[in-house]
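Descriptive structure summary
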Amino acid sequence: MKPRSFMGCRIKAFRRRELPVRTERCAMEPPGTAGAPGAAGRPWDEAKAFYDNLTPKKKPKSPKPENAITIAVSSRALFRMEEEQKIYNEQGVEAYVKYQLDHENEPFLPGAAFPFVKALEAVNTQLRELYPDSEELFDIVLMTNNHAQVGVRLINSINHYDLFIERFCMTGGNSPIGYLKAYHTNLYLSSDAEKVSGAIEEGIAAATIFSPSKDLEVSEKQLRVAFDGDAVLFSDESEQIVKAHGLDMFFEHEKAHENNPLAQGPLKGFLEALGKLQKKFYSKGLRMECPIRTYLVTARSAASSGARALKTLRSWGLETDEALFLAGAPKGPLLRKIRPHIFFDDQMFHVEGAKEMGTVAAHVPYGIAQKHKRPLQEKQPQNSK
């Protein structure tokens, strides 16, 4: 009986104990839930937002190449790799790869194409908000002839700057042309003029990109792209007239052919792709807030030769937001005012002028302005033999 009484006393004592009341809130408990004052009156949205913030953000899905506007960028265009290139040129590929492996946790510095790529991604963000299920987006492909071992440093750099670049082509020294075609590339940017010329010859819109001589702040919310007209958007038909017969004959020719559209140039398709995305914003009533703005910046004179350029764009169903006819004046000062992320021109004279004023400029090696370079290129193999 004593043990039974003893157990009874223990049970009785336990029942008399009062459990402590929990007054503190768990660190993981969201605001507005049980345990917080006034919990009953708080909306469920607040708690949901709390848990949403705890969930890692998923990266958006890459669009299919056939649906996207594909921008292929070389590693030396996207990042600054002057030191690495110097090692490659002076010490060879093995020393170059070793250097990259030894420094693979050090991100590259941003290169000439970096602000352009960031602006493309800013446009994509707005497009995804307006059209969540659409694949009509910019798709950026890193196109490089680097050895695959260098890929880790490139990936680390891309992640460091929070860039959304999921597609890589590391060709190990082989030509990128076949890969550019496979990705339905709309524009190829590289610092290698030879590869750019090869792409142009295969009908791929391409340009050699150059870093500006000084830094110039550009918009983070609006993509701005400036184009020269002749031999960039248009063919070099009119430039051939100038070279062969002079300006007076050119003006007469343009007046006589004002209503005859010019043939297309190498970057007409890229302007068309930009226009297609612009219309997606226009259809939502966002013409004035559109995050893409295009410019025609040409040495043509408005009165004597401007009409044909504008009528050609109209005949294609295209337009630029602004058209600037400089009548032979330097383009650099005006580009400094525009502050485009990139400016395309077929003449290095204008590219150099833009660079000096702080504009990222890209050379399009197309048309009669390039003719004087070809004899030199043809002689090189003969001399090397």
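Residues numbered from 1 in each chain as written. Predicted model: local features only at pLDDT ≥ 70, side-chain atom pairs only at ≥ 80, totals over all residues. Heavy atoms only, no water.

Per an unreviewed UniProt entry, the protein carries the name 5'-nucleotidase, cytosolic IA and comes from Pavo cristatus.

**Details of unusual backbone geometry**
Unlike most non-glycine residues, Ala327 shows phi in positive territory, near 50°. Here Ala327 is to be found in the loop between β10 (322-325) and α14 (332-338). Unusually for a residue other than glycine, Arg339 sits at a positive phi of about 60°. Within the secondary structure, Arg339 sits in the loop between α14 and β11 (342-345). (Helix = DSSP H or I, 4+ residues; strand = E, 2+ residues; numbered from the N terminus.)

**Notes on the packing of aromatic side chains**
Applying the stated criterion to the full structure yields nine aromatic pairs. Chaining the aromatic ring pairs together yields one cluster made of Phe79, Phe108, Phe114 and Tyr161. Here the basic side chain of Arg153 rests over the ring of Phe108, its NZ or CZ set 3.9 Å away from the ring centre. A cation over a ring is seen here: Lys280 above Tyr131, with NZ or CZ 4.0 Å from the ring centre. (Phe/Tyr/Trp six-rings, centres within 6.5 Å; stacked < 30°, edge-to-face > 60°. Lys NZ or Arg CZ within 6 Å of the ring centre and 35° of its normal.)

**A short note on the pairing of strand β1 (residues 69-73)**
A regular strand places its side chains on the two faces of the sheet in alternate fashion. With five of five residues buried, β1 lies mostly within the body of the structure. Residues Ile69, Ile71 and Val73 of β1 are buried on one face, and the alternating residues Thr70 and Ala72, pointing to the opposite face, are buried as well. Judged from the five bridges that link them, β1 and strand β4 (residues 138-144) form a sheet pairing that is parallel. The residue bridging Thr70 from the neighbouring strand is Asp139, located in β4. Summarising the sheet, β1 and strand β6 (residues 185-190) pair through four bridges and their orientation is parallel. (Buried < 20%, exposed > 50% of the residue type's maximum accessible area, 1.4 Å probe, protein only. Pairing = 2+ DSSP bridges.)

**Here's the deal with the sheet that holds strand β8 (residues 223-227)**
One open sheet holds the ten strands; their spatial order is β5-β4-β1-β6-β7-β12-β11-β8-β9-β10, and the pairing between them is mixed. The sheet is open, and its two borders are formed by β5 (167-170) and β10, each paired with just one other strand. The mean angle between the axes of side-by-side strands here comes to 25°, regardless of whether they run parallel or antiparallel. Helix α7 (residues 151-160) rests against β4 and β5 of the sheet, and its axis sits at about 150° to β5. Across the sheet, helix α9 (residues 193-201) touches β6 and β7 (206-210), and the angle it forms with β7 is around 160°. (Axes fitted to C-alpha atoms, helices over the stretch in contact; angles between N-to-C directions. Contact = heavy atoms within 4.5 Å.)

**A short note on the environment of Thr320**
Along the chain, the position of Thr320 falls in the loop between α13 (302-315) and β10. Through-space distance from the C-alpha of Thr320 to that of Ala226 is 9.1 Å; in sequence the pair is 94 residues apart. Discounting residues that sit within four places of it in the chain, Thr320 has contacts with Leu271, Thr294, Tyr295, Leu296 and Leu313.

**A few points about the side chain of Glu258**
Structurally, Glu258 is set in the loop between α11 (247-256) and α12 (268-282). Of the polar contacts made by the side chain of Glu258, one reaches the side chain of Lys311; its length is 2.8 Å. (Polar contact = N/O pair within 3.5 Å; in protein donor to acceptor, adjacent residues only side chain to side chain.)

**Concerning the pattern of salt bridges**
Considering all chains together, one arrives at 19 salt bridges under this definition. Between Lys331 and Asp228 there is a salt bridge whose closest N-O contact spans 3.1 Å. Pair noted here: Lys331 is in the loop between β10 and α14 and Asp228 is in the loop between β8 and α10 (237-245), with a separation of 103 residues, a long-range link. The class of Asp228 is buried, set by a relative accessible area of 5%. Notably, a salt bridge pairs Lys311 with Glu258, separated by 2.8 Å at the nearest N-O pair. Here Lys311 is found in helix α13, whereas its partner Glu258 is found in the loop between α11 and α12, with 53 residues between them in sequence. Judged by relative accessible area, which is 26%, Lys311 ranks as partly exposed. Residues participating in the shared-partner salt-bridge network are Asp230, Glu237, Glu254, Arg300 and Arg308. (Salt bridge = Lys/Arg side-chain N within 4 Å of Asp/Glu carboxyl O.)

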